[in-house]
Number of protein chains: 2
Amino acid sequence: MLGSRQITAAAPEPAPSEEIAVALARGILEHRLPPGARLSEDEVGELFGAGRTVVRAALARLAHQGLVTLRRNRGASVARPDPREAREVFEARALLEPRTAHFAARRAGPGWAAEMRARIAEEDRAMRAGDVGTAVYLSGQFHCAIAEAADQRTIAEMIVSLVARSSLVIALYWRRRDTLCECHAHHALVDAFAARDGARAEELMHGHLVDLLSGLDLREREAAPRSLRDLLGGGT
Amino acid sequence: MLGSRQITAAAPEPAPSEEIAVALARGILEHRLPPGARLSEDEVGELFGAGRTVVRAALARLAHQGLVTLRRNRGASVARPDPREAREVFEARALLEPRTAHFAARRAGPGWAAEMRARIAEEDRAMRAGDVGTAVYLSGQFHCAIAEAADQRTIAEMIVSLVARSSLVIALYWRRRDTLCECHAHHALVDAFAARDGARAEELMHGHLVDLLSGLDLREREAAPRSLRDLLGGGT
DNA sequence: CCTCCCGGCTTCGTATACGATTTTCGCCGC
DNA sequence: GCGGCGAAAATCGTATACGAAGCCGGGAGG
């Protein structure tokens, strides 16, 4: 009876400031908070009904993850990765995810493949509904699920962080938003998973990431920097 | 004239709480703060002459980096990676560092190779002086320098974090402390750098990391927890 | 008409104070 | 002698308050 709320499912405590961090992160990942949007501590605190201390902790966490930029005495804002960082994020993913996909494929069960297909279907649905933000978010979740399916928690953590940053990169540098052609790549990946073909999954993942990187227009960096104030007011 | 103290060298501000974080990190990396050592907020604050707020920020930063464990209402302590995490950290390094070494070798100049040789010499000196902590720290710095020499800041950041965690792993699971045989591997790596032989550097780095992982005794996990109490009491 | 300076306002950085939770140690009963 | 139990102490979590630094406007001078 002592300590009935032991570590049951990796989330025994509701997480005090983590909730705010994940809420903000989700907002960023769904492209509701565009890169460069200012995140006032008071504003966020009021929005979530929490004091500034916890908001600061959440912001620091996101800053360390690379999702927000924290400048001394100048406030926090959603990170705006420059083209170099954008390229580096995808190069890092190209270094990590193929091998991880390989591991995941070797450990994949039929139920897991079905679950992944359901994810893709949901992603497709969001895309058809015109909800690009949710589609991008679910697409990222797909990659994160692969990383977590492999036995590598440490690498999975890094991939989650990189995928989150990729969402920012996509918001800034993606060429054509209406044609999220990745769906085919994801389907092919799940096929490889279902067949437990590690080598093929690895190759597919690498090609997929290269495609994503080549789908960016990193020269457009100078063109995007305003219109943040409006979107901030409409948060939530 | 306006803003003469612009971003000059990536460190225009002395960093308020970051100083404490790096000081603590260095203490951990040099094995002066053993895994499991408790880090009281009041204690650290008194030690560095700072309030608890800034100490908390530093601790949160280190916790996110994986160097300290932060449990709710139970204080902070130096992280004690379990064997699984220990293995994963080195596997992640084996995934990242070889390719990074390849890039570094292609960008290496003769001056840089000389600098790296100086690092090895310093490491050797510390080892001969019996200062194992400093030797391990410098060994880690060697790997970090390679990562930073490559053009990949994002990957370099991840490697820095992994190397720091590796120091904890070494403190816990290293078999024979007196024979730090890695010096040969480091020398061979610098030779490859001087020759700008990327493929060889990549191969050497991979072998080096595999050697490091094989030099761990991950079965000892059960044998270690009895001595925590002593080190806890003797923390400083 | 443009430029420069200066005042106020907003926002962040840090310290302090109070409440909640955990730990620990002494005590009682078995 | 030993295990359970309760209160005190210590520690952490959060909120609030004060000080400082940056940003923006108006006004005067060239």
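Structure shown above.
Here is a short report on the structure shown in this document. The model shown is predicted, which means the values in this text are computed figures rather than measured ones. (Residues numbered from 1 in each chain as written. Chains lettered and ligands numbered in written order. Predicted model: local features only at pLDDT ≥ 70, side-chain atom pairs only at ≥ 80, totals over all residues. Heavy atoms only, no water.)

1. Re the overall build of chain A
When helices and strands are tallied, chain A shows ten helices and three strands. Here chain A holds 236 residues, and the buried ones make up 47% of them. In chain A, 76% of the contacts between residues at least 6 apart in sequence involve partners at least 24 apart. Accessible area of chain A: about 12200 Å², with a carbon and sulfur share of 50%. (Helix = DSSP H or I, 4+ residues; strand = E, 2+ residues; numbered from the N terminus. Buried < 20%, exposed > 50% of the residue type's maximum accessible area, 1.4 Å probe, protein only. Contact = heavy atoms within 4.5 Å. Areas by Shrake-Rupley, 256 points an atom, 1.4 Å probe, with all protein chains shown as cover.)

2. Digging into the sheet that holds strand β1 (residues 38-39) of chain A
Residues and elements named next belong to chain A. If you walk across this open sheet you meet the three strands as β1-β3-β2, and the pairing is antiparallel. For this open sheet the edge positions go to β1 and β2 (68-71), each flanked by a neighbour on one side alone. Here two bridges tie β1 to strand β3 (residues 75-78), and the two strands are oriented antiparallel to one another. By the bridge assignment, R38 is partnered in β3 with S77. Each of β1, β2 and β3 touches helix α3 (residues 52-65); the most contacted strand, β2, lies at about 110 degrees to it. (Pairing = 2+ DSSP bridges. Axes fitted to C-alpha atoms, helices over the stretch in contact; angles between N-to-C directions.)

3. Structural notes on the protein's contact with DNA strand C
Lining the immediate surroundings of DNA strand C are 13 residues, of which R52 and R56 of chain A together with P16, G51 and R74 of chain B lie closest. Sugar and phosphate atoms form 71% of the subset of DNA strand C atoms that lie within 4 Å of the protein. Contact distances for DNA strand C include 3.1 Å between a phosphate oxygen and a backbone N or O atom of G51 of chain B. T53 of chain B is positioned such that a nitrogen or oxygen atom in its side chain is 3.2 Å from a base nitrogen of DNA strand C. Of all elements in the fold, only α3 of chain A together with α3 (52-65) of chain B reach the threshold of two or more residues within the surface near DNA strand C. Ranked by residues supplied to the surface near DNA strand C, first place goes to α3 of chain B with three residues. Here the residues of the surface near DNA strand C sort into two nonpolar, six polar and five charged. (Near = heavy atom within 4 Å. Polar contact = N/O pair within 3.5 Å; in protein donor to acceptor, adjacent residues only side chain to side chain. Nonpolar A, V, L, I, M, F, W, Y, C, P; charged D, E, K, R; others polar.)

4. Some points on the sheet that holds strand β1 (residues 38-39) of chain B
Residues and elements named next belong to chain B. In space, the three strands of this open sheet follow the order β1-β3-β2, with antiparallel pairing throughout. A strand with exactly one partner marks an edge of an open sheet, and here the two such strands are β1 and β2 (68-71). Pairing geometry for β2 and strand β3 (residues 75-78), over four bridges, is antiparallel. Looking at β3, one finds that T69 is bridged to S77.

5. Re the interface of chain A and chain B
If you look at the interface, chain A gives 23 residues, while chain B gives 23 residues. Considering only the side of chain A, the residues that lose the most area to chain B are H64, L95 and T154 of chain A, jointly responsible for 26% of the buried surface there. Between the two partners, chain A and chain B, sit two salt bridges. Remark: the boundary between chain A and chain B carries ten residue pairs in polar contact (both at pLDDT 80 or more). Ranked by the residues each element gives to the side of chain A that touches chain B, the list is headed by helix α4 (residues 83-107) of chain A, at nine residues. (Buried area = accessible area lost by both parts, 1.4 Å probe. Salt bridge = Lys/Arg side-chain N within 4 Å of Asp/Glu carboxyl O.)

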